[in-house]
Amino acid sequence: MSQERAVAASAVRLEELSGWSQELCRRELPSVLPRLLSMYQHSDNWIEHIQILKIIVEMFLPHMNHLTLEQTFFSQVLPKTVKSFDDMMYELTSQARGLSSHNLEIQTTLRNILQTMVQLLAALTGCVQHICATQESIILENIHSLPSSVLHVIKSTFVHCKDSESVYSGHLHLVSDLLQALFKEAYSLQKQLMELLDMVCMDPLLDDNDDILNMVIVIHSLLDICSVISSMDHAFHANTWKFIIKQSLKHQSVIKSQLKHKDIVTSLCEDILFSFHSCLQLAEQMTQSDAQDNADSRLFQKTLKLCRFFANSLLHYTKEFLPLLSDSCCTLHQLYLQIHSKFPPSLYAARISKAQQEEIAGTFLVTLDPLISQLLTFQPFVQVVLDSKLELPCELQFPQCLLLVVVMDKLPSQPEDVQALWCTERQLLEAKTRVSLFKAIFYSFEQCSGELSLPVHLQGVKSKGQAEVAVTLYQHVCVHLCTFVASLHPSLFPELDVALLNAVLSANLITSLLAMDTWCFLSRYGTAELCAHHVTIVAHLIKSCPGECYQLTNLSILFRRLFFFMAPPQQVEFIQKFSPREAENLSLWQYISFQALPAELRKQAAQEVVGVGIARCTEWLSNSRTLGELDSLNTQLSALLAVCNSASEALEIAQQTAILEIGSQLWAFLNTTLVTGQPYVQQTLSLLLSLLGFFVQTLDPHLISQVVTLQTSLLQLEPPDHVCLAVLDFVSSLGNFFIPQAIQDKILPNLSSIFALLLADGNWILEQHTLEAFTQFAQGTNHEEIVPQCLSSEETKNKVVSFLEKTGFVDETAAARVERVKQEKTIFWERFANVAVEEAKRSSLQPCAKRARRELPAEEECGSALQAASVALEAVELLLQKSPAPDWLVVKLEMLQERMDRLKRLVLSGGP
């Protein structure tokens, strides 16, 4: 018989079977089913496949033994069914690009294939429905071919529907009705399959690896489907996720070690982020359009609920499988950072209304808080958050800071071991290190330069009887850090002390200030003895500093602030331990505000400091007066200035006169050359200007003339900024001083020259201080004719007028300001990263190669050395004009002359 006749004969038999009764089907099942299965296996016609499959499912499946379905039916039919579906899908995709309204043949072919695929899905749906209808509890082993085959077909269908726009090349409308039918059938099939799988039971006491593997495959197949349908049907997508989570938890005891937890968590986090970004886009569109579109508003609400659903799903999954999520901690960490980087008040946030911010925060963001609570005790999460090599891009640095604050807020309710987990630095076996929470807070805070300078504002803490007010990032971190310190377990204070000291010594001023504020809170919150202990430690650190540096400046500020919190008995002990009668202790007393002391102690300490300071200054004046001793002299002058600024009322008239006399005598030794060439002399000049400015009303007018003349000459040589600032302080104090007529011609022109030079300076800090000083001088002076003489150009006049009228500010919108701050932050971050790389290179275990020594000294180095020698000789010449030469000076000069002759011969000969 030919193939055509065989097919025709089988078709006739299939038509006959379709008319059989249920009773006949049940009776003939043993003899007919094998023939139908054989026909199915040997047929290559898709239409006949479907006919045979439909007859088996609709007429004979109800009479099969459900315990043997896998062997008698599913294992024999479904592999061929899946292959036929894949062949149809391949044919469909291959010919789809030729689809057009003019090519009716291809159009008919494609529609026939789609109709056949719809029928195939319907037949599979019938299989699943039959299982659900006939069994109350299902053993997966008895049907294990069915779920995997159905899920394969469903995924292929959804992928095709998702890609249909590109597959059908603009002619989608010709087959859209059948594609919709195909999607609906796949949708229905998956719902039926999930209902079936919900009936599966797995005995936790049985160790059936095949059953476990099958369930794991099912869950991960559904996970793949989730990634396909996420943008097609939000409700269906959510229901699929709900089923995945439900089945994972239902069979947790059996499959937990086999599940790919990282894949599930990663996919869930991706869906959370996608939904959240969609929510923000809708909110942004609604904010920009002003008019409230009901459709947009409803979609926003649905998307927001979807965000909450996904977040709750993650929360539930994390709670149940936490011990197995060590390799998902980085993903969870990034999820938190990414969400907060796109939400106000982040610089990189979407621009949405306040109402929508509150709605998103109250509906969605609140679910992230319990997530952090769950992860708080999980060591791998701690490692990720506090990783010493954690490098975050600019937009994630602010969220990292917020996360650390959230962790800080949660730790007080945790036991000591959890607090220790976060607050101690550790070295793991894998050579990974993590910093303490304290160190991480300061480091993260330091990275938020843009948010601090803008500044961004965060939700404040509600107080009883007071309305909630927004606070800056600095206030937010400072308040929460101090609150945490107040509840810290005593065993962790050494870690806190180390972190505070490191932060105080930071080159970043705002970080140092935060550490100081925290330290001061700690000293006030603790006992008087603790405060005194802190003051003593800082005092010893200051005395051990080798010289001027920013670390010394930071320590001196902290020392000055802590001293105010000391109780009087401890202040007495401090004075006994660091007596102001000893000159070496003036390095401390120069930083103390005497206002911190009670009246009697203040008077005693101030007079002792002045007595020692005057004695040491007098000793320097009467002895060698060498430049090498200026460092010690400057310390005495600084201590005297501290007394004048904070305890002048405690000084007797004789002491005030002595200070003024010392200042006048020291001034006589200063000249332009010395100041420009020696940093210590520059510091001496600045201190003397402050001292003389304090006594300006009692100064000799001729001394004032000398001071102003030197200042004018000095400014023309562009001295360091701190010298310029000292000059400004002095000349602004002259606003209340009446200059005698006899020397006005000497002083007033110089004053106008000083202000003119500094007002024209391009340094914005100097410019601001100069405008303030000039305003103070102009408002107080009786010599009004000098004011217009200071305004040497039209530009300077406009600058002063703008300052006085508070105009001339850059007109910058809020959005423009945010963009500028973001750009500045990026630049700072890149420079910081480069500096960190260089520091890492320098701190390498391998020593740097020594630089080759050059045969000839560089020209600039020779010039610098000769300049220093010249300045030293001029200083000696100036000293000889005012006092007799010591006996040893001639011998020293002869030795210098011999060395100069040798140098000259060396230069002329061209070598040694």
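### Overview of the overall build of the protein chain
So, point 1. In terms of helices and strands, the protein chain carries 42 helices and 4 strands.
So, point 2. For the protein chain, restricting intrachain contacts to residue pairs at least 6 apart in sequence, the fraction spanning at least 24 positions comes to 75%.
So, point 3. Carbon and sulfur atoms make up 55% of the accessible area of the protein chain, which amounts to about 46,000 Å² in all.

### Brief notes about the pattern of salt bridges
So, point 1. Per the stated rule, a full pass over the model turns up 13 salt bridges.
So, point 2. Here K83 makes a salt bridge to D87, at a shortest N to O gap of 3.1 Å. Of this pair, K83 and D87 both sit in helix 4 (residues 69–96), 4 residues apart, which is roughly one turn of that helix.
So, point 3. Residue D87 is classed as partly exposed on the basis of its relative accessible area, which comes to 31%.
So, point 4. Its salt-bridge partner being D198, residue K246 comes within 3.0 Å of it at the nearest N-O pair. Highlighted residues: K246 in helix 10 (residues 234–250) and D198 in the loop between helix 8 (176–197) and helix 9 (209–229), separated in sequence by 48 residues.
So, point 5. On the basis of relative accessible area, D198 is assigned to the partly exposed category, the value being 29%.
So, point 6. Because the salt bridges share partners, they merge into one network encompassing R351, E819 and K822.

### A look at the environment of L61
So, point 1. Note on placement: L61 falls in the loop between helix 3 (46–60) and helix 4.
So, point 2. A sequence separation of 35 residues divides L61 from R26, and the C-alpha atoms of the two residues are 9.4 Å apart.
So, point 3. With near-sequence residues (within four places) excluded, L61 lies in contact with I56, L69, F73, G126, C127 and H130.

### Describing the packing of helix 13 (residues 294–321) against helix 16 (residues 368–375)
So, point 1. Remark: helix 13 packs on helix 16, axes separated minimally by 10 Å, with the N-to-C direction vectors making an angle of 10 degrees. One way to sum up the angle between helix 13 and helix 16 is to call them roughly parallel. At the point where helix 13 passes helix 16, the crossing takes the left-handed sense. Where helix 13 abuts helix 16, its residues L314, L315, T318 and K319 lie against P370, L371, Q374 and L375.
So, point 2. Looking at side-chain class alone, the contact of helix 13 with helix 16 contains 5 nonpolar, 2 polar and 1 charged residues.

### A short note on helix 9
So, point 1. If you check helix 9, its first and last C-alpha atoms are 30 Å apart, about what 21 residues at 1.5 Å a residue would give, namely 30 Å.
So, point 2. The buried fraction of helix 9 is high, at 15 of 21 residues.

### Topic: the side chain of T770
So, point 1. Structurally, T770 can be placed in helix 37 (residues 764–780).
So, point 2. With a relative accessible area of 0%, T770 lands in the buried category.
So, point 3. Side-chain polar atoms of T770 contact the backbone oxygen of L766, separated by 2.6 Å.
So, point 4. Excluding its chain neighbours within four sequence positions, the residues that come into contact with T770 are L728, F755, L758 and L759.

### A few points about the side chain of T712
So, point 1. For T712, the location among the structural elements is in helix 34 (residues 701–715).
So, point 2. Using a relative accessible area of 7% as the deciding quantity, one classes T712 as buried.
So, point 3. Ignoring any residue separated from it by four or fewer positions in sequence, one finds T712 in contact with N750, S753 and I754.

### Some words on the confidence of the model for the protein chain
In regions of low pLDDT, the predicted coordinates are not meant to be interpreted in detail.
So, point 1. Looking at the protein chain as a whole, its pLDDT mean stands at 86, while 89% of the residues score no less than 70.
So, point 2. Of all secondary-structure elements in the protein chain, the lowest mean pLDDT belongs to helix 1 (residues 3–17), at 52, while helix 14 (residues 329–341) reaches the highest, 97.
So, point 3. In the model, residues 1–12 has pLDDT below 50 throughout and makes 3 contacts with residues more than four positions away in sequence or in other chains.

### Structural notes on the nonpolar core
In globular proteins that are soluble, nonpolar side chains generally tend to be buried together.
So, point 1. In terms of nonpolar packing, the biggest core is built from 299 residues, with F73, Y168, W422 and F574 touching the most fellow members.
So, point 2. Here F574 is in contact with V535, A539, F559, F563, M566, L588, W589 and I592, once residues within four sequence places are set aside.

### What to know about the packing of aromatic side chains
What describes a pair of aromatic rings is the distance from one ring centre to the other and the angle between the planes of the rings.
So, point 1. Counted according to the given criterion, the structure contains 24 aromatic pairs.
So, point 2. Ring centres of F183 and Y187 lie 6.4 Å apart, and the angle between their planes is 35 degrees; on these two criteria the pair is classed as tilted. With F183 and Y187 both in helix 8 and 4 residues apart, this pair spans about one turn of that helix.
So, point 3. Aromatic rings pair up to connect F559, F563, F574, F578, W589 and F594 into one cluster.

### Considerations on the environment of I131
So, point 1. Secondary-structure assignment places I131 in helix 5 (residues 104–134).
So, point 2. The buried category is assigned to I131, whose relative accessible area is 0%.
So, point 3. Expressed as a C-alpha distance, the spacing of I131 and L69, which sit 62 residues apart in the sequence, is 9.7 Å.

Reading guide: rules and limits
- Residues numbered from 1 in each chain as written.
- Predicted model: local features only at pLDDT ≥ 70, side-chain atom pairs only at ≥ 80, totals over all residues.
- Heavy atoms only, no water.
- Helix = DSSP H or I, 4+ residues; strand = E, 2+ residues; numbered from the N terminus.
- Contact = heavy atoms within 4.5 Å.
- Areas by Shrake-Rupley, 256 points an atom, 1.4 Å probe, with all protein chains shown as cover.
- Salt bridge = Lys/Arg side-chain N within 4 Å of Asp/Glu carboxyl O.
- Buried < 20%, exposed > 50% of the residue type's maximum accessible area, 1.4 Å probe, protein only.
- Axes fitted to C-alpha atoms, helices over the stretch in contact; angles between N-to-C directions.
- Parallel < 35°, antiparallel > 145°, perpendicular 65-115°, else oblique.
- Left-handed = near helix turned anticlockwise from the far one by under 90°.
- Nonpolar A, V, L, I, M, F, W, Y, C, P; charged D, E, K, R; others polar.
- Expected span 1.5 Å × (residues − 1).
- Polar contact = N/O pair within 3.5 Å; in protein donor to acceptor, adjacent residues only side chain to side chain.
- pLDDT = per-residue confidence, 0-100.
- Core = buried A, V, L, I, M, F, W, Y, C linked by side-chain atoms within 4.5 Å.
- Phe/Tyr/Trp six-rings, centres within 6.5 Å; stacked < 30°, edge-to-face > 60°.

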